[in-house]
Amino acid sequence: MPLVPGIAFTTSIRDIYNGDYLSGTIHLLDALITAVCVAVGACLPFVVMKYIGGL
């Protein structure tokens, strides 16, 4: 899965450890937003299908 934010998360931890807090925070936020969007995109069709009676 190319959308798994592993590299962005690792880069953010490395940046924070090296003292570049702004870049680390931005990469961490990017990784978290990507992870949330992937999770919502995976669950949303099931929720929609449940409400319209497809499942």
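Residues numbered from 1 in each chain as written. Predicted model: local features only at pLDDT ≥ 70, side-chain atom pairs only at ≥ 80, totals over all residues. Heavy atoms only, no water.

(A) Up close: the packing of helix H1 (residues 6–17) against helix H2 (residues 21–52). Interaxial distance between H1 and H2 falls to 7 Å at its minimum, and their mutual angle equals 160°. Relative to H2, H1 is oriented roughly antiparallel. Helix-helix and strand crossings are classified by hand; for H1 and H2 the assignment is left-handed. Between H1 and H2, the residues in contact are Ala8, Phe9, Thr11, Ser12, Asp15 and Ile16 and Tyr21, Ser23, Gly24, Thr25, His27, Leu28, Asp30 and Ala31, respectively. The class makeup of the residues in the contact of H1 with H2 is six nonpolar, six polar and two charged. (Axes fitted to C-alpha atoms, helices over the stretch in contact; angles between N-to-C directions. Helix = DSSP H or I, 4+ residues; strand = E, 2+ residues; numbered from the N terminus. Parallel < 35°, antiparallel > 145°, perpendicular 65-115°, else oblique. Left-handed = near helix turned anticlockwise from the far one by under 90°. Contact = heavy atoms within 4.5 Å. Nonpolar A, V, L, I, M, F, W, Y, C, P; charged D, E, K, R; others polar.)

(B) Representation of H1. Here H1 contains 12 residues, and its C-alpha end-to-end distance of 17 Å stays within 8% of the 16 Å for a straight helix at 1.5 Å per residue. All of the buried residues in H1 are Ala8, Thr11, Ser12 and Asp15. Around the axis of H1, the buried residues are gathered within 100° of arc, so they sit on the same side. H1 presents Thr10 and Tyr17 as exposed residues on the side facing more than 90 degrees away from its buried surface. Buried residues in H1 make contact with H2. (Expected span 1.5 Å × (residues − 1). Buried < 20%, exposed > 50% of the residue type's maximum accessible area, 1.4 Å probe, protein only. Arc of directions from axis to C-beta.)

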